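# Fold and geometry: a report
Here's the letter readout for the chains.
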Amino acid sequence: MIGFESDCIASALHAQGIKILTKSLKYDLPRGFFCGIGKCSSCLMRVNGIPNVRTCIAPLKQGIKVEMQDKFGRLPSAKFEEKPKETINVDVLVVGAGPAGLCASIEAAKQGVSVLLVDENMCVGGQLIKQTHKFFGSQNEKAGTRGIFISEDLKKEIDEFKKAGKINLMLNSTVIGCYEGEKNLHKFMVVKRKDYDNFLIEVNSKTAVFACGAMENMLLFPGNDLPGVYGAGAVQTLMNVFGVKPGKKVLMIGAGNVGLIVSYQFLQAGIDVDRVVEAAPFIGGYHVHAAKLRRCGVPIYTSHSIKEVYGKDCVEGAVVVKLDKNWQPIKGSEEKVECDTVCLAVGLTPSTRLLYQIGVKMDFVSEACGYVAMHDNSMQTTIKGVFVAGDSSGIEEASTAMIEGKIAGVSAALLLGCKDGKKLQKKYIEELNMLREGPFGEKARVAKKKIEKLMEAK
Amino acid sequence: MMLGYEKDGILDLKFLKLPSQKQLEKGVAIIECVQKIPCNPCVDSCPTGAISMKDINDLPLMDYDKCIACCKCVGICPGLAIFVVKCIDDKAFITLPYEFLPKPVVGKKVQALDRAGKIVGVGIVKKVVNKDKTFVVTIEVEKNLLMIVRNIKV
């Protein structure tokens, strides 16, 4: 097989028309690329004898052996040698190099503390690198700049701090857990992947910022596991990062901003969007995004949902259905849609597993879209020195994630004794509140208010 | 109360403050931004201060008398929601944002589309400016299409 050096294994397979990456354990059903951001198990394959490699974030290298996993699993044939364990001592550990994590790292480094930034992906930027549209907001949030270029600007800042020895960046690395540390220190274990070899690193940090992002929601319907059903992040990964078309004709589920924006990106990639269906009686995303799509001729069906997806080994089509005012399907309103791709943009759930493990107080806040860590307005959780930022503190969007990251970074530095950050912290908190003041910020306002109350009640 | 565009994504002209005939003849920018989104690059881009906003969550207000139809806001607006329109005799000139390939070519004919993507006429490309990877395209169409055409197909 041929691919490009910068491809991931799964995108290179896709480019060759190989959509089935694994089989389900119980019924042996085909599984394909679903989330495309290293958060699900749909793309697990055996690479160079190592099972369960997430091929959507594993880089393609010349000469590697990629196999489908057998049902029952086989122990790794790769030889594991005893490797010396490395130890890193640092002021601030930042987990996740998306918009929130990058900003947290930069702000903390600006205050003069040492930062270790860890991310599972091959490059920094998180989901920003897939955002080809111009961002909203004000000049402070780089409004009018495309997400990918914001990511490039942030990367430049990170690189400068790297050169100056203020930020240590570890890519292709996963924080796997928290362990009992010495007094006032948090101990974490990190697995660093290099050429399909794993290295264990022990990190002792005084503070930690968790900016782990979120994972795509799944929707319940027959056929939802067929290869060709993707999360919105997955198609963005394929199209906008690796230049691979996920299919020829798409049915988009969800008319929030993500569904609208990704539909437009499909059109830009030369892929036909049959329609957008939305279960709610109204379009959830910004009208301006809907208008962009409509004037390209893509219809948006509100009060409609997907009933099922059909196909043998891959998506061959779908059935959509109209919903009544109680959101129940109306019998006889079913309509067949011929498509080879179904894209789900039905919301996200905060990634919080590490926070659970550390023992931070968690609670379910529906407006934050799931269980989130309780935190105050400095982004500090119920454990001193442990901060959250971005989608993992409640689903919102990239502009607010960046400010939350800045707040968390400054707050961590303040806790370490950098007094200069006080004014800056106040300024960022005000900026954040202002962005949430409008009607589209209502959900976030409610979520943060609830979290504040739960925090007081603890 | 749900508004029409919240259901189908198509804006009715009744939601816009429309310019007078005289203002149309000199050319003005129409801002088709009707929701309070925290966003204000259009205000910063305007060289004459024609666009104003109380705060970032307010709707942009356009002073058609101050607008000089320079088209700067067309390529800046992240929502691609600003269009410059101008009437000269029986011709209409529409400047719109366009983010697809191939790049429109000056002098060539393109299909003119309405807010629902329906082909409603033919446009002639008059000018193409690349503003941070958004093509700001001016087309000439029949006068009656001035407030109808909002997209093109090359």
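Predicted model, so just to flag it, every value in this text is computed and none were measured.

Time to look at the overall build of chain B. A count of helical and extended segments in chain B gives four helices and nine strands. Walking chain B from its N terminus toward its C terminus, one meets helices and strands in the order α-α-β-α-β-β-α-β-β-β-β-β-β. Taking 2.2 N^0.38 as the reference for a compact globule, 154 residues should give roughly 15 Å; the C-alpha atoms of chain B span a radius of gyration of 15 Å, in line with that estimate. Oriented by its inertia axes, the alpha-carbon framework of chain B measures out at about 40 × 35 × 35 Å. When burial is assessed residue by residue, chain B has 53% of its 154 residues classed as buried. Summed over its atoms, the accessible surface of chain B is roughly 7,300 Å², and 55% of this surface lies on carbon and sulfur atoms. Across chain B, the mean location of the 23 positive side-chain charges is 4 Å away from that of the 17 negative side-chain charges.

Contacts between the two partners involve 36 residues from chain A, matched on the other side by 42 residues from chain B. Summed over both partners, the interface of chain A with chain B comes to about 3,100 Å²; 56% of that surface belongs to carbon and sulfur atoms. In this assembly, chain A and chain B are joined by one salt bridge. Arg146(A) serves as the salt-bridge partner of Glu99(B), at 3.1 Å between the closest nitrogen and oxygen. For the side of chain A that touches chain B, the element with the highest residue contribution is helix H6 (residues 287-294) of chain A, accounting for six residues. Looking at the side of chain A that touches chain B residue by residue, the classes come out as 19 nonpolar, eleven polar and six charged.

What follows covers a negative patch on the surface. Residues and elements named next belong to chain B. On the surface, a cluster of negative charge is made up of Glu25, Asp89, Asp90 and Glu142. Tracing the sequence through the fold places aspartate 90 in the loop between strand S4 (82-88) and strand S5 (91-98). In this structure aspartate 90 comes out as exposed when scored by relative accessible area, which is 53%.

The subject of this paragraph is the pattern of salt bridges. All names here are of chain A. Throughout the structure, instances matching the rule amount to 29 salt bridges over all chains. With its nearest N and O atoms 2.7 Å apart, the salt bridge here joins arginine 275 to aspartate 274. On the basis of relative accessibility, which here comes to 7%, the residue arginine 275 falls in the buried class. Accessibility expressed as a relative area gives 19% for aspartate 274, which makes it buried. Across the pair arginine 436 and glutamate 396 runs a salt bridge, and its minimum N-O distance is 2.8 Å. Of the two residues, arginine 436 sits in the loop between helix H9 (421-435) and helix H10 (442-457) while glutamate 396 sits in the loop between strand S24 (386-388) and helix H8 (398-415), which places them 40 residues apart along the sequence. For arginine 436, a relative accessible area of 6% translates into the label buried. Each member of the salt-bridge network shares a partner with another, and the members are Lys249, Asp274, Arg275 and Glu335.

Okay, the packing of helix H2 (residues 99-110) of chain A against helix H3 (residues 147-163) of chain A next. Residue and element names in this part refer to chain A. Two elements in contact, H2 and H3, have axes whose closest approach is 10 Å; the angle formed by their N-to-C orientations is 40 degrees. With respect to H3, the axis of H2 lies oblique. The crossing of H2 and H3 is left-handed. Across the interface between the two elements, Leu102, Cys103, Ser105, Ile106, Ala109 and Lys110 from H2 touch Leu154, Glu157, Ile158 and Phe161 from H3.

Moving on to the packing of helix H5 (residues 257-268) of chain A against H6(A). Residue and element names in this part refer to chain A. At a closest axis distance of 9 Å, the pairing of H5 and H6 adopts a crossing angle of 30 degrees. The angle between H5 and H6 falls in the class roughly parallel. The way H5 lies across H6 gives a crossing that is left-handed. Of the residues in H6, those touching H5 at Asn257, Leu260, Ile261, Ser263, Tyr264 and Leu267 are His289, Ala290, Lys292 and Leu293.

Evaluation of the coordinates by the stated rule reveals zero disulfides over all chains. In this structure Cys212(A) is not part of a disulfide, and its nearest cysteine sulfur, from Cys178(A), lies 12 Å away.

Residues and elements named next belong to chain B. Within the open sheet, the seven strands sit side by side as S1-S4-S5-S8-S7-S6-S9. Their pairing is antiparallel. Each of the sheet's edge strands pairs with one partner strand only, and the pair in question is strand S1 (28-31) and strand S9 (151-153). Sheet twist, expressed as the average angle between the axes of neighbouring strands with direction ignored, equals 40 degrees. Here S4 runs beside S5; their pairing, made up of five bridges, is antiparallel. The residue of S5 that forms the bridge with valine 84 is threonine 95.

Here we come to the packing of aromatic side chains. All told, the structure shown has nine aromatic pairs over all chains when counted by the stated rule. Judged by centre distance (5.1 Å) and plane angle (80 degrees), the ring pair of Phe136(A) and Tyr286(A) falls under edge-to-face. One end of the pair, Phe136(A), is in the loop between strand S7 (115-118) and H3; the other, Tyr286(A), is in the loop between strand S15 (272-278) and H6, and 150 residues separate them in sequence. The class of Phe136(A) is buried, set by a relative accessible area of 12%. Pairing Tyr5(B) with Phe15(B) gives two aromatic rings, centres 5.1 Å apart and planes at 85 degrees, and the pair type is edge-to-face.

Bringing helix H4 (residues 232-241) of chain A into the picture now. All names here are of chain A. The element H4 is largely enclosed, with a buried count of eight among its ten residues. Within H4, the full set of buried residues consists of Ala232, Gly233, Ala234, Val235, Gln236, Thr237, Leu238 and Met239. At its buried positions, H4 is contacted by helix H1 (9-15), strand S12 (214-216), strand S13 (229-231), H5 and strand S20 (341-344). Downstream of H4 by one or two residues, glycine 243 has phi in the positive range, about 65 degrees.

A few words now on the nonpolar core. It is characteristic of soluble globular proteins that their nonpolar side chains tend to be buried jointly. Among the nonpolar cores identified, the biggest contains 97 residues, and Phe266(A), Val137(B) and Ile139(B) are the most heavily contacted of them. Excluding its chain neighbours within four sequence positions, the residues that come into contact with Ile139(B) are Ala92(B), Phe93(B), Ile94(B), Leu96(B), Val110(B), Ile124(B), Val125(B), Lys126(B), Val149(B) and Ile152(B). Val90(A), Ile167(A), Phe188(A) and Ala412(A) belong to the second-largest nonpolar core, a separate cluster that totals 67 residues.

Attention now moves to a nonpolar patch on the surface. The grouping of Ile176(A), Tyr179(A) and Leu200(A) at the surface amounts to a nonpolar patch, some 280 Å² of accessible area in total. In this fold, Ile176(A) is placed in strand S9 (residues 173-179).

To continue, consider the sheet that holds strand S5 (residues 66-67) of chain A. Ordered in space as S4-S3-S5 (chain A), the three strands form an open sheet in which the pairing is antiparallel. The two strands at the open ends of the sheet, each matched to only one other strand, are strand S4 (50-54) and S5 of chain A.

Conventions used here
Residues numbered from 1 in each chain as written. Chains lettered and ligands numbered in written order. Predicted model: local features only at pLDDT ≥ 70, side-chain atom pairs only at ≥ 80, totals over all residues. Heavy atoms only, no water. Helix = DSSP H or I, 4+ residues; strand = E, 2+ residues; numbered from the N terminus. Rg over C-alpha atoms; globule rule 2.2 N^0.38 Å. Buried < 20%, exposed > 50% of the residue type's maximum accessible area, 1.4 Å probe, protein only. Areas by Shrake-Rupley, 256 points an atom, 1.4 Å probe, with all protein chains shown as cover. Lys, Arg positive; Asp, Glu negative; His and termini not counted. Charge placed at Lys NZ, Arg CZ, Asp CG, Glu CD. Contact = heavy atoms within 4.5 Å. Buried area = accessible area lost by both parts, 1.4 Å probe. Salt bridge = Lys/Arg side-chain N within 4 Å of Asp/Glu carboxyl O. Nonpolar A, V, L, I, M, F, W, Y, C, P; charged D, E, K, R; others polar. Patch = residues over 30% accessible without salt bridge, like charges linked within 9 Å, V, L, I, M, F, W, Y side chains within 5 Å. Axes fitted to C-alpha atoms, helices over the stretch in contact; angles between N-to-C directions. Parallel < 35°, antiparallel > 145°, perpendicular 65-115°, else oblique. Left-handed = near helix turned anticlockwise from the far one by under 90°. Disulfide = S-S within 2.5 Å. Pairing = 2+ DSSP bridges. Phe/Tyr/Trp six-rings, centres within 6.5 Å; stacked < 30°, edge-to-face > 60°. Core = buried A, V, L, I, M, F, W, Y, C linked by side-chain atoms within 4.5 Å.

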